[in-house]
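Here is what each chain is made of, one letter per residue.
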Amino acid sequence: MTNDDTDKRAGKGANALWGGRFAGGADDVMRAINASIDVDRRLADHDIDASLAHAQMLAACGVISSEDAKAIAKGLEDIRAEIAAGAFPFSAALEDIHMNIEARLTEKIGEAGARLHTARSRNDQVATDFRLWTRTALDRLGLQIEALQRALITQAEAHADTVMPGFTHLQTAQPVTFGHHCMAYVEMLSRDAGRLSDARARLNESPLGAAALAGAPYPINRDMTAETLGFAAPMANSLDAVSARDFVMEALAGLTICAVHLSRLAEEIVLWTSPRFGFARLSDRFSTGSSIMPQKRNPDAAELIRAKVGGMAGAFQSMVLMMKALPLAYAKDMQEDKAPLFRAVDDFELCLAAMTGMIGDLDVRPEAMAAAAGEGYSTATDLADWLVRELGLPFREAHHVTGRLVAEAERRDIALHELPVEAMKAVEPRIDERALGVLSPADSVASRTSYGGAAPVRVREQIARWKEKLG
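The text that follows walks through the structure, step by step, so that each part is easy to find.

Conventions used here
- Note on numbering: residues in each chain are counted from 1, in written sequence order.
- Per-residue local features of the predicted model are confined to residues with pLDDT of at least 70, and side-chain atom pairs are confined, for both listing and counting, to 80 or more; whole-chain, interface and lining totals are unaffected and use all residues.
- Note that the side-chain values use all heavy atoms of the structure and ignore hydrogens as well as water.
- Starting at the N terminus, helices and strands are each numbered in turn, a helix being any DSSP run of H or I of at least four residues and a strand any DSSP run of E of at least two.
- Put simply, the radius of gyration uses C-alpha atoms, and a globule should come to 2.2 Å times the residue count raised to 0.38.
- Burial classification: accessible surface area is computed with a 1.4 Å probe over protein chains only, and a residue below 20% of its type maximum counts as buried, one above 50% as exposed, and the rest as partly exposed.
- In what follows, residue pairs with any heavy atoms lying within 4.5 Å of each other are defined as contacts.
- Only four residue types enter the charge count: Lys and Arg as positive, Asp and Glu as negative, with His and the chain ends excluded.
- Charge placement uses NZ in Lys and CZ in Arg. For Asp and Glu, CG and CD serve respectively.
- The working definition used for a salt bridge is a side-chain nitrogen of Lys or Arg within 4 Å of a carboxyl oxygen of Asp or Glu.
- Two joining distances apply to patches: 9 Å for like charges and 5 Å for nonpolar side chains (Val, Leu, Ile, Met, Phe, Trp, Tyr), and every residue must have over 30% relative accessible area and no salt bridge.
- Only the protein chains shown count as covering a residue, and every accessible area follows the Shrake-Rupley method with a 1.4 Å probe.
- Only strands that DSSP links by at least two bridges are regarded as paired with each other.
- To obtain each axis, a line is fitted to C-alpha atoms, and for helices this fit is confined to the stretch in contact; angles are then taken between N-to-C directions over 0 to 180 degrees.
- For any pair of crossing helices, the crossing counts as left-handed if the nearer helix is rotated counterclockwise from the farther one by less than a right angle, and right-handed if it is rotated clockwise.
- Helix span, as expected, comes to 1.5 Å for every residue beyond the first.
- Distance and chemistry together define a polar contact, namely a pair of N or O atoms within 3.5 Å, with one atom able to donate a hydrogen and the other to accept it when in protein, and with adjacent residues in sequence counting only for side-chain atoms on both sides.
- Any pair of Phe, Tyr and Trp rings, taking the six-membered ring for Trp, is counted once the centres come within 6.5 Å. Such a pair is stacked with planes under 30 degrees apart, edge-to-face with planes over 60 apart, and tilted for the rest.
- Each ring is checked for a lysine NZ or an arginine CZ that lies within 6 Å of its centre and within 35 degrees of its normal; such an atom marks a charge sitting over the ring.
- Convention used here: angles under 35 degrees read as roughly parallel, angles over 145 as roughly antiparallel, angles from 65 to 115 as roughly perpendicular, and any remaining angle as oblique.
- Classification used: nonpolar for Ala, Val, Leu, Ile, Met, Phe, Trp, Tyr, Cys and Pro, charged for Asp, Glu, Lys and Arg, polar for all others including Gly.

## Observations regarding the overall build of the protein chain
- In terms of regular secondary structure, the protein chain is built from 20 helices and 6 strands.
- Taking 471 residues into account, the globule formula puts the C-alpha radius of gyration at 23 Å, and the protein chain, at 31 Å, lies well above it.
- Projecting the C-alpha coordinates of the protein chain onto the three principal axes gives extents of approximately 100 × 55 × 40 Å.
- Expressed as a percentage of the 471 residues in the protein chain, the buried residues total 48%.
- Considering only intrachain contacts with a sequence separation of at least 6, the fraction spanning at least 24 residues in the protein chain is 74%.
- The positive charge centre, built from 52 side chains, and the negative charge centre, built from 65, are 1 Å apart in the protein chain.

Here's what the structure looks like:
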């Protein structure tokens, strides 16, 4: 399309978008800052879907003729095909995807195309399109979160018995298993998926028919368009319908929380795959090398997941600051609502895909984990519990006795289970050889049989529960 053609479609001079109110054309800077087509062209399919539903409803209510509705439907599907084929003549002069499609429709079918905008405004149109896009994105993200859960469950099943150190303050605390550790993230991701599902349910109301802000003076049927587009109901207040963007903030908040969980797991992968830990190895598919150090295997995918949280959190904050002082109803500020969510969803999908790949490929090293599990006197609490169970000591006293034994083992530079029974008796005379039976990491883990505990039998129960739940 030539520049002249673009100018004709945009109505250069007296502005075709705004009718007769403005006699002159907009300044080039105004046109540039006002245009959003480079961002909102992603809404094209949803805009066409909403327009099809709107035209069908207008015809059913007698607002436009059935012939016009048929022409509109055919024209819109032709435009959908043009966009899919990369042949659609997008124009920045037409500002956004809505006016681009409407102008093209009128070019193709004439006056009938100009009737499509009856009983609606770009305000309710964009709100509808954006809710449809967000709903589709949340559905897709829910499936991708589930794929990561499945990858974690597969690793958990393979390593329900693989003993590793559990940490608090990044210091060795008590032994757990790698399977138990993986299942912790399955639980986190379940809550993340639940937040996104809740957000989807709340956004699933239709703004279409609210028009600019006050509703439409035509005998329209908003229930019909809501049902056609898969919404649960039409929004009950026209002011709220066109001005609400809490659905964007809620989606971004949910993405950000899940991204934080991905970042925590990414950081653990960075630690586990370092030579200092040696707990696991990333495949070549998710590692990079160094331009100068030939021995390096860098966990760049994990590090980038860790970094991308900032962009998602920033997108959420951007929306909060954009909306915090806007009076009802619509304001042009809201044109800036789409780019943050689009960008955040893109990054989030990439992070989910990368994490799913890394977890699926992760080569776990049980020997290194087992060796580390006994370090740092990790079974000291098991000894304290034994003193409570077998000798009847109050826990605080058992804690004190065990602390003295740990100090003695540290002084001798030996592991707790290597401390002679005679040395233990010097601290607490009633201790006998049975105490040594609770000091191995494997025995420690096996004893943690409370619901949700690290014992392999409990881990397998949780794996079975999740496999049944996910189907």
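## Structural notes on the environment of A114
- Note on placement: A114 falls in helix α7 (residues 111–114).
- Along the backbone, A114 and Q144 are 30 residues apart, and their C-alpha atoms lie at a distance of 41 Å.

## Side note on unusual backbone geometry
- Cis geometry marks the peptide bond from L328 to A329, where omega comes out at 10 degrees.
- Along the chain, A329 turns up in the loop between α13 (300–323) and α14 (338–361).
- The phi dihedral of A211 falls on the positive side, at around 60 degrees, and the residue is not glycine.
- Here A211 shows up in the loop between β3 (205–206) and α10 (222–228).
- We classify A211 as buried; its relative accessible area is 9%.

## Observations concerning the pattern of salt bridges
- Across all of its chains, the model carries 36 salt bridges by this definition.
- D363 is the salt-bridge partner of R365, the closest N and O atoms lying 3.0 Å from each other.
- Relative accessible area serves as the criterion here: at 36%, D363 is assigned to the partly exposed category.
- In this structure, E461 and R458 form a salt bridge, with 2.8 Å as the shortest nitrogen-oxygen distance. Here E461 and its partner R458 are both found in helix α20 (residues 456–470), 3 residues apart, which amounts to about one turn of the helix.
- Relative accessible area serves as the criterion here: at 38%, E461 is assigned to the partly exposed category.
- The class of R458 is partly exposed, set by a relative accessible area of 23%.
- Residues joined by salt bridges that share partners form a network here, namely D45, D49, E77 and R80.

## Notes on a nonpolar patch on the surface
- On the surface, L213, L239 and L328 cluster together into a nonpolar patch covering about 260 Å² of accessible area.
- When you line up the elements, L328 lands in the loop between α13 and α14.
- In this structure L328 comes out as exposed when scored by relative accessible area, which is 61%.

## Brief notes about the pairing of strand β1 (residues 163–168)
- Sheet topology places β1 next to strand β2 (residues 171–177); 5 bridges connect them, and they run antiparallel. By the bridge assignment, P165 is partnered in β2 with P175.
- Linking two consecutive strands that pair antiparallel, namely β1 and β2, is a turn of 2 residues; a positive phi of about 60 degrees is found at H169 within it.

## Considerations on the packing of helix α9 (residues 178–203) against α20
- Here α9 crosses α20 at 35 degrees, and the two axes come no closer than 10 Å. Regarding α9 and α20, the two cross each other, and that crossing is left-handed. In contact with G179, H180, M183, V186, E187 and S190 of α9, α20 contributes V459, Q462, I463, R465, W466 and K469.

## Some points on helix α6 (residues 97–109)
- End to end, α6 covers 18 Å across 13 residues, agreeing with the expected 18 Å (1.5 Å per residue, within 8%).
- Looking only at α6, the buried set comprises I97, H98, M99, N100, I101, E102, A103, R104 and L105.
- Looking at where α6 begins, the residue whose side-chain oxygen comes 3.1 Å from the main-chain nitrogen of H98 is D96.
- Looking one or two places after α6, you find G110, whose phi comes out positive at around 80 degrees.

## Looking at the packing of aromatic side chains
- In the structure shown here, the tally under the stated rule is 7 aromatic pairs.
- Ring centres of F277 and F279 lie 5.2 Å apart, and the angle between their planes is 80 degrees; on these two criteria the pair is classed as edge-to-face.
- Relative accessible area serves as the criterion here: at 24%, F277 is assigned to the partly exposed category.
- Judged by relative accessible area, F279 falls into the buried class, the value being 3%.
- A connected cluster of aromatic rings, assembled from ring pairs, spans F130, W133, F247 and F342.
- When the ring centre of F130 is taken as reference, the NZ or CZ atom of K338 above it lies at 5.4 Å.

## Thoughts on the environment of S121
- If you trace the backbone, S121 turns up in the loop between α7 and α8 (122–158).
- Each C-alpha atom, one on S121 and one on M235, is 15 Å from the other, the two residues being 114 residues apart in sequence.
- With sequence-adjacent residues up to four places away left out, S121 is seen in contact with A211 and A212.
- A polar atom in the side chain of S121 sits 3.0 Å from the backbone nitrogen of N123.

## Quick word on the side chain of E82
- Checked against the element boundaries, E82 lands in helix α5 (residues 66–84).
- Apart from the residues lying within four places of it in its own chain, the contact partners of E82 are A87, F88, P89, R104 and K108.

## Observations regarding the packing of α5 against α6
- Running from N to C, α5 and α6 point in directions that differ by 120 degrees, and their axes come no closer than 9 Å. Judged on the interaxial angle alone, α6 and α5 are oblique. For the pair α5 and α6, the sense of crossing is right-handed. When α5 is examined against α6, the residues A71, I72, G75, L76, D78, I79, E82 and I83 are found in contact with a partner set consisting of I101, R104, L105, K108 and I109.
- Tallied by class, the residues present in the contact of α5 with α6 amount to 8 nonpolar, 1 polar and 4 charged.

Purely spatial values, then, with no claim about function.
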